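Remarks on the overall topology
Letter by letter, the chains look like this.
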Amino acid sequence: MIREQRWADLCDGVFDVVILGGGINGASIFRRLSHEGYRVLLLDRGDFSCGTSQASAMMVWGGLLYLKNLELKRVMQFSRDRDKMLSMFDADIQPQEFRYIVNREYGRPSSLVLGALWSYWLMGRMKRKRPRYEKSFTESSFLNMSQVPGSLVYEEGVLKFSDSRFVLNWILENQTDTSIACNYCEVSEVKYNEKDRKWSVGIEDRFTKRSTELKTRMVLNCTGVWTDRVNKQFNKWTSVKHVFSKGVFLGLPKAEVHKNPLIFEMGNHGDTLTCIPWGPISLWGPTENLVESIEEGYQVNQEDISFLRDHAKEKLGSSFAQQQAISLRCGIRPLVVDKSFEGNCYPLEISRGHKIIKDLFSPWYSIYGGKISGCLTVAEEVLKLLTPELGKPTTKEATRRPVAVARSKISYPNLSKEFISLKSSVEHEFCCTLDDYLRRRTNISQWVPREGFGFHNENWEFLKGLVNDLPKAYIPSPEEHLGNFDLQLKTRFDPYTKS
């Protein structure tokens, strides 16, 4: 089992860099440093990509919304990042046409929007399809046509499968003898020794409670929304902090004619809502509001659902909006602000950019902000900052560990697509719990009602058979593990999915 092998490899090791956090920033930096030949250890307190990186809109975009504030340099940078990712990772990312729905009752004039899209295309060095106007399109059949005289079409990039799978693939594909990743590892202690200029890092396996201690020359805090908490835990001060914007998507049954993502103006704040086809569902959202805490940001409430359903009724029509929801998708965007920030502005007024902050007294770096589109830039900036301190890598010829190709597949009730089996996911992909499998190794929890159970628990027996393949050392009895998961749904999911 890969997790047991990697735990054995990390014990008593000496590394150049330890990365805390296995989201998109941590994974991209892990990939870049591994390619350079550095000895890297990536640790996550939970599962890989279990935070913001599992709840995005799965867009690889060029920063169109920044045009509103005339942040032209940022638009050009994100556009370059988008096109670079489309070129380098065509197995995981594909070009995708988006439809900006024109609204004559309120919103921006269509001529102004089309002009902005042309400017956006030019700033992207004309690498995507030209923007154009289309009067008729297939999706118009389920829209509220009294408001829809046509659509403006432009091209971005989207992930082919999911954001969490994209992050996981980078982690899996960049394992070497000296580049190691391990999930569900708690960092219990971090001490810096001035004499040998190395950190001592104490680690505990959250499942088995076994522990070890290792050495590293540098620590990178890439824990996303938890960055400030981790810095506080280990007494690190920075000039910036995160504020949190909660985003909730509603997963509704997809109309057969829904082929392209649709963008609707809301009529206030210059904000938009999207309707994104994804497998058998359409993602409708997201909400956009600042929250005080991480815990609040991961809690869906009735106000979120009412907001989405009201706007869906207005934009998509009653029959579409009133369908019973298949899934909820809730995440937090960590937005970078100065430490002194105490404002209560609308989240879109805060930049989606990133900052890399070095501790004044020790080789500890904190990564703030960031997004999928800009992750390669983050990794390059980190490499540039770290190279003078680390020097040339000592393991340039490190042996790569190939990702196993022959993996068993399963069919899931009422889904046409096959998925990697839970057994193979445990053996090769660090899968430890049912949630790891249903949410982040597959899309089952997002595509099947009640996170895979079905509206009436009709998939209970099927799941009961799957759970037997989970590591016995990591979970209570299969029946209890399944029951605990179902119990969580009754409070986390069920109250908000009725029409």
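Below or above, wherever it landed, is the structure these notes cover. From a predicted model like this one, the values you see are computed outputs, not experimental measurements.

Reading the values: the criteria
Residues numbered from 1 in each chain as written. Predicted model: local features only at pLDDT ≥ 70, side-chain atom pairs only at ≥ 80, totals over all residues. Heavy atoms only, no water. Helix = DSSP H or I, 4+ residues; strand = E, 2+ residues; numbered from the N terminus. Rg over C-alpha atoms; globule rule 2.2 N^0.38 Å. Buried < 20%, exposed > 50% of the residue type's maximum accessible area, 1.4 Å probe, protein only. Contact = heavy atoms within 4.5 Å. Areas by Shrake-Rupley, 256 points an atom, 1.4 Å probe, with all protein chains shown as cover. Lys, Arg positive; Asp, Glu negative; His and termini not counted. Charge placed at Lys NZ, Arg CZ, Asp CG, Glu CD. Axes fitted to C-alpha atoms, helices over the stretch in contact; angles between N-to-C directions. Parallel < 35°, antiparallel > 145°, perpendicular 65-115°, else oblique. Left-handed = near helix turned anticlockwise from the far one by under 90°. Nonpolar A, V, L, I, M, F, W, Y, C, P; charged D, E, K, R; others polar. Expected span 1.5 Å × (residues − 1). Core = buried A, V, L, I, M, F, W, Y, C linked by side-chain atoms within 4.5 Å. Polar contact = N/O pair within 3.5 Å; in protein donor to acceptor, adjacent residues only side chain to side chain. Pairing = 2+ DSSP bridges. Disulfide = S-S within 2.5 Å. Patch = residues over 30% accessible without salt bridge, like charges linked within 9 Å, V, L, I, M, F, W, Y side chains within 5 Å. Salt bridge = Lys/Arg side-chain N within 4 Å of Asp/Glu carboxyl O.

Let's shift gears to the overall build of the chain. When its secondary structure is counted, the chain shows 15 helices and 20 strands. Relative to the globule expectation of 23 Å for 499 residues, the C-alpha radius of gyration of the chain, 23 Å, shows essentially globular dimensions. Reported as C-alpha extents along the three principal axes, the dimensions of the chain are approximately 70 × 55 × 40 Å. Burial analysis of the chain (499 residues in total) assigns 59% to the buried set. Considering only intrachain contacts with a sequence separation of at least 6, the fraction spanning at least 24 residues in the chain is 73%. With the model as given, the accessible surface of the chain reaches about 20,900 Å², and the carbon-plus-sulfur share is 52%. A gap of 4 Å separates the mean positions of the 68 positive and 61 negative side-chain charges of the chain.

The next thing to look at is the packing of helix α2 (residues 24-36) against helix α5 (residues 163-173). Interhelical geometry of α2 versus α5 gives an angle of 25° and a closest axis separation of 9 Å. With respect to α5, the axis of α2 lies roughly parallel. Here α2 runs over α5; the crossing is left-handed. Residues Ile24, Ala27, Ser28, Phe30 and Arg31 of α2 form the contact with α5, whose own contacting residues are Phe166, Val167, Trp170 and Ile171. When the residues that make up the contact of α2 with α5 are grouped by side-chain class, the tally is seven nonpolar, one polar and one charged.

Our next topic: helix α3 (residues 72-88). Helix length check: α3, at 17 residues, gives a terminal C-alpha distance of 24 Å against a target of 24 Å (1.5 Å per residue), a fit within 8%. Against β3 (59-60), β4 (93-101), α4 (110-123), β6 (151-159), α5 and α10 (375-390) lie the buried residues of α3.

The subject of this paragraph is the nonpolar core. Within the largest apolar cluster, 120 residues are counted, with the highest numbers of intra-cluster contacts made by Ile29, Met85 and Tyr437. The leading source of residues in this core is α10, at eight residues. When residues no more than four places from it in sequence are discounted, the contact partners of Ile29 are Ile19, Leu220, Cys222, Ile367, Val378, Ala379 and Val382. Formed by 20 residues, the second largest nonpolar core is a distinct cluster that contains Phe15, Cys182, Trp199 and Trp364.

Here we take up the side chain of Glu265. Structurally, Glu265 is set in strand β12 (residues 262-265). For Glu265, the side chain forms a polar contact with the side chain of Tyr100, separated by 3.4 Å.

Moving on to the packing of α3 against α10. As a packed pair, α3 and α10 sit with axes 8 Å apart at the nearest point and diverge in direction by 100°. Looking at the two axes, α3 sits roughly perpendicular to α10. Contact residues: α3 offers Gln77, Asp81, Lys84, Met85 and Met88, while α10 offers Cys375, Leu376 and Thr377. Grouping the amino acids of the contact of α3 with α10 by side-chain chemistry returns four nonpolar, two polar and two charged.

Within strand β18 (residues 364-369), six of the six residues are buried, which leaves it mostly tucked inside the rest of the structure. As judged from the three bridges shared by strand β10 (residues 211-221) and β18, these two strands associate in the parallel manner. Following the sheet pairing, Asn221 is matched in β18 by Ser366. With five bridges connecting them, strand β17 (residues 354-358) and β18 associate as antiparallel partners. Each residue of the ladder has a partner; that of Lys358, found in β18, is Tyr365. Taking the residues that link successive antiparallel strands as the turn, the β17-β18 hairpin has five residues.

What follows is about helix α8 (residues 302-316). In this model α8 runs 20 Å from its N-terminal to its C-terminal C-alpha over 15 residues, within 8% of the 21 Å that 1.5 Å per residue would give. Taken together, the buried positions of α8 are Asp304, Ile305, Leu308, Arg309, His311, Ala312, Lys315 and Leu316. Capping the start of α8, Asn301 holds a side-chain oxygen 3.1 Å from the backbone nitrogen of Glu303, two or three residues further along. Just beyond α8, the residue with positive phi is Gly317, at close to 100°.

Let us now look at the state of the cysteines. Disulfides are covalent bonds that link the sulfur atoms of two cysteine residues. Scanning all chains against the criterion turns up zero disulfides. Cysteine Cys11 remains unbridged, with the sulfur of Cys182 as its closest cysteine sulfur at 8.9 Å. Free cysteine: Cys185, not disulfide-bonded; nearest cysteine sulfur from Cys182 at 3.8 Å. A relative accessible area of 1% places Cys185 in the buried class.

Turning to a nonpolar patch on the surface, a few remarks are in order. A surface patch of nonpolar side chains, about 280 Å² in accessible area, is lined by Leu70, Leu72 and Met76. Among the structural elements, Leu70 can be located in the loop between β3 and α3.

With omega at 0°, the peptide bond leading from Gly285 into Pro286 counts as cis. Relative to the assigned elements, Pro286 resides in the loop between β14 (281-285) and β15 (289-291). Phi is positive for Ser49, which is not a glycine, with a value near 55°. Looking at where Ser49 falls in the secondary structure, it is placed in the loop between β2 (40-43) and β3. For Ser49, a relative accessible area of 2% translates into the label buried.

Once that is clear, we can look at the pattern of salt bridges. Counted by the stated rule, this structure contains 34 salt bridges. For the salt bridge of Arg132 with Glu97, the shortest nitrogen-to-oxygen distance reads 3.1 Å. In this pair, Arg132 is assigned in strand β5 (residues 132-134) and Glu97 in strand β4, connecting sequence segments 35 residues apart. Taking the relative accessible area as the measure of exposure, Arg132 reaches 29% and is therefore partly exposed. Several salt bridges converge on common partners, so that one network encompasses Glu97, Arg99, Lys129, Arg132, Glu134 and Glu139.

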